[in-house]
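Spelled out from the first residue to the last, the chains are:
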Amino acid sequence: MYSKVSCANVIGVDGFLVDVEVDLSNGIPSVVIVGLAETSVKEARERVISAIRNSGFNLPSKKIRINLAPADMRKEGSLFDLPIAIGILSALGYIDYTEFYKKYVIIGELSLDGKLRKVKGALSVCLMAKELNYEGIILPFANRQEASIVDGIKIYPFEHLNEVVEFLRNEKRKEPFVIDSIENSAQDELDISDIRGQWAVKRAIEIAVAGRHNLLMLGPPGSGKTMIAKRIPGLLPPLTKEEALETTKIYSIAGLLNGDIIRKRPFRNPHHSISDIGLIGGGTNFQPGEVSLAHNGVLFLDELPEFSRRTLEVLRQPLEDGFVIISRANYKVKIPSKFMLVCAMNPCPCGYFGYGNCKCTTNQIRQYRNKVSGPLLDRIDIHIEVPQVPYENLRQENNRENSIIVRERILRAIEIQNMRFKDTNIKYNNQMDEKNISKFCKINPKAEELLMNASRKFNFSARAIHKIIKVSRTIADLEGVDEIKLEHIAESISYRILDKLNYDGI
Ligand SMILES: [Zn+2]
């Protein structure tokens, strides 16, 4: 009495095929699971036995051996419950699974009464099943939405073990599940027109988003830094279907999907007390970190100097490569983590330097700012000041542009970059290296002269000069001109306030 069921294991963000083999024999009644199963999988034994009994099936006193193949791959998670149950019921003769073995992949967690529970990573498993030309996937009802965004594979969602058995006994009676196509236009984003005053800040944000430049905002408490940051995802182009799929996969693995897929660019805002693992991902039961949950969106670090230096150090790899490598006991996984980094900080420890009432010493202020210097600051192209807006300005202002208008301009600048970089391996101005800069950034002589004078005056490093040129490239793109002119360089220099503050003696 033997049976075989296809199911899957999720490692990192990818699904891998696993065969569940069940063999029944005479002997002391017992259930044994072999094949590099972690504790979370071994617990399946208890759940499956209860679920089978409580669904009205008889379990004879037999020795049940369950093998998860391939044996050299570590298996984690609760998604093996349902395929194991189906394997046992098939070996017992309640159903004949032989003809379905090459047809379906089965995943699902069981509760003791036989109900099916949502599993993590269902989307990754669907993509794998499609890749391997399976006809369909059988999974818990709660996973149906995320699964259904994969085209070309039939989705059969169920709520109870009994329903799965019923379906396998009489397959024709059920139609696969279908949802309406993805509507990306669901734009209930926060709008930039909610921000009163701050036109200079809004301009800097537009430039940052257009060239995908990482951004640091410096300003006193209550100046609206967080409110501004939250409106950045709405200025980015809508998620493409491809991007929606990538991001949904990560949320599926984290168990953070609420039935629906991810349609909006994520905004992640971790607290400064976050651990390295929380930020990067990992842990005994693998969880994607904030950098991956922000994939295709915005990672916002408020009160930047409060983050530990070591925590900020770990941001280097994702910022550089667009992915993180997580080392597990005997393998490594690669998780995508491409995001726009937006940071905010106060001008000094008390927050009010430059706004009266500041009691910090010069030394305290220097120490505070030094916390963010180094490798992380090297990856931030634009630093701006977000001042407190006087009450009169808030009252007087009208004609505020909304996000749709600003985004139109941003999209045009992105198009120019697409054309420029079509034969290279980069996409945005912020990714240009020295070679790209000399190739794509034609600077007119007057602008060049200004840049030289400014770097002497403020003692800009070579890195800072590169950033100024890259940002001025984006400013010229927003204007739709090829040559970088004086006013573009001048504006770009104004977005280096931390360099200039250091010069001023603080
Ligand atoms: Zn202060």
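Heads up: the structure comes first, above all this text.
No experiment lies behind these values; they were computed from the predicted model shown.

Could you clarify how one ought to interpret the pairing of strand 10 (residues 215–218) in this entry?
Along any regular strand, the residues point their side chains to alternate faces of the sheet. By the alternation rule, side chains of strand 10 split into Leu215 and Met217 and Leu216 and Leu218, which are all buried. Alignment of strand 10 against strand 17 (residues 339–345), held across 4 bridges, turns out to be parallel. Each residue of the ladder has a partner; that of Leu216, found in strand 17, is Cys343. As defined by bridge partners, strand 10 adjoins strand 18 (residues 382–385) across 4 bridges and the pair is classed as parallel. Each residue of the ladder has a partner; that of Leu216, found in strand 18, is His383.

What is the right way to read the coordination of the zinc ion from this model?
Geometrically, a metal with four donors at the corners of a regular tetrahedron has ideal angles of 109.5 degrees, and one with six donors at the corners of a regular octahedron has ideal angles of 90 or 180 degrees. On the protein side, the zinc ion has Cys348 (SG), Cys350 (SG), Cys358 (SG) and Cys360 (SG) as donor atoms, found 2.2 to 2.4 Å from it. In this structure, the zinc ion is coordinated by 4 donor atoms arranged in tetrahedral fashion, with angles at the metal of 106 to 115 degrees. Considered as a linear motif, the donors of the zinc ion on their single chain read C-x1-C-x7-C-x1-C. Taken together, the positions of Cys350 in the loop between strand 17 and helix 14 (362–370) and Cys360 in the loop between strand 17 and helix 14 put the pair 10 residues apart, joining distant regions of the chain. Look at Cys350 and you get partly exposed, because its relative accessible area is 32%.

What should I look at first to understand unusual backbone geometry in this one?
Outside of glycine, negative phi angles account for most residues, and trans bonds account for most peptide bonds. In the segment running from Ala69 into Pro70, the intervening peptide bond is cis, with an omega of 5 degrees. At Asn133, a residue that is not glycine, the phi angle is positive and equals roughly 65 degrees. By the secondary structure assignment, Asn133 is in the loop between helix 4 (122–131) and strand 8 (136–140). In the Ramachandran plot, Arg212 falls in the positive-phi region, its phi being about 55 degrees despite a non-glycine side chain. Tracing the backbone through its elements, the reader meets Arg212 in the loop between helix 7 (199–211) and strand 10. Its relative accessible area of 17% is what places Arg212 among the buried residues.

What is the right way to look at helix 19 (residues 462–479) in this model?
Count 3.6 residues to each turn of an α-helix, and residues three or four apart come out pointing the same way. An ideal rise of 1.5 Å per residue puts 26 Å on 18 residues; helix 19 measures up with 26 Å between its terminal C-alpha atoms. Most of helix 19 sits out of view: 13 of its 18 residues are buried. Within two residues after helix 19, Gly480 carries a phi angle of roughly 80 degrees, on the positive side.

Help me understand the nonpolar core in this model?
If you look at soluble globular proteins, the nonpolar side chains tend to sit buried side by side. The biggest cluster of nonpolar side chains holds 108 residues, and the ones touching the most others in it are Ile66, Ile86, Ile138 and Leu315. The element that contributes the greatest number of residues to this core is helix 3 (residues 81–91), accounting for 7 residues. Lining this core are residues from two domains, each supplying at least three of them: domain 1 (2–173) and domain 2 (192–431). When residues no more than four places from it in sequence are discounted, the contact partners of Ile138 are Leu82, Tyr104, Val105, Ile106, Ile107, Tyr156, Phe158, Val164, Phe167 and Leu168. Counting 33 residues, the second-largest nonpolar core is a separate cluster that includes Val201, Leu215, Ile382 and Tyr428.

I would appreciate a short explanation of the sheet that holds strand 17 in the present structure.
If you walk across this open sheet you meet the 5 strands as 11-14-17-10-18, and the pairing is parallel. Two strands in the sheet have a free side with no partner beyond their single neighbour: strand 11 (267–268) and strand 18.

Is there a simple way to think about the packing of helix 2 (residues 44–54) against helix 3 in this case?
Packed helix pairs are specified by the crossing angle of their axes together with the interaxial distance, meaning the distance between the axes. One way to put it is that helix 2 packs onto helix 3 with a least axis distance of 9 Å and a crossing angle of 55 degrees. Here helix 3 runs oblique to helix 2, going by the angle between their axes. Crossing geometry of helix 2 relative to helix 3 is assigned as right-handed. In this structure, helix 2 uses Ala44, Arg47, Val48 and Ile52 to contact helix 3, whose residues at the interface are Asp81, Ile84, Ala85, Ile88 and Leu89. The class makeup of the residues in the contact of helix 2 with helix 3 is 7 nonpolar, no polar and 2 charged.

What counts and how
Residues numbered from 1 in each chain as written. Predicted model: local features only at pLDDT ≥ 70, side-chain atom pairs only at ≥ 80, totals over all residues. Heavy atoms only, no water. Buried < 20%, exposed > 50% of the residue type's maximum accessible area, 1.4 Å probe, protein only. Helix = DSSP H or I, 4+ residues; strand = E, 2+ residues; numbered from the N terminus. Pairing = 2+ DSSP bridges. Donors = N, O, S within 2.8 Å, 3.2 Å for Na, K, Ca; no water. Tetrahedral: all angles 85-135°; square planar, octahedral: opposite > 155°, others 65-115°. Expected span 1.5 Å × (residues − 1). Core = buried A, V, L, I, M, F, W, Y, C linked by side-chain atoms within 4.5 Å. Domains from an automatic or database assignment. Contact = heavy atoms within 4.5 Å. Axes fitted to C-alpha atoms, helices over the stretch in contact; angles between N-to-C directions. Parallel < 35°, antiparallel > 145°, perpendicular 65-115°, else oblique. Left-handed = near helix turned anticlockwise from the far one by under 90°. Nonpolar A, V, L, I, M, F, W, Y, C, P; charged D, E, K, R; others polar.

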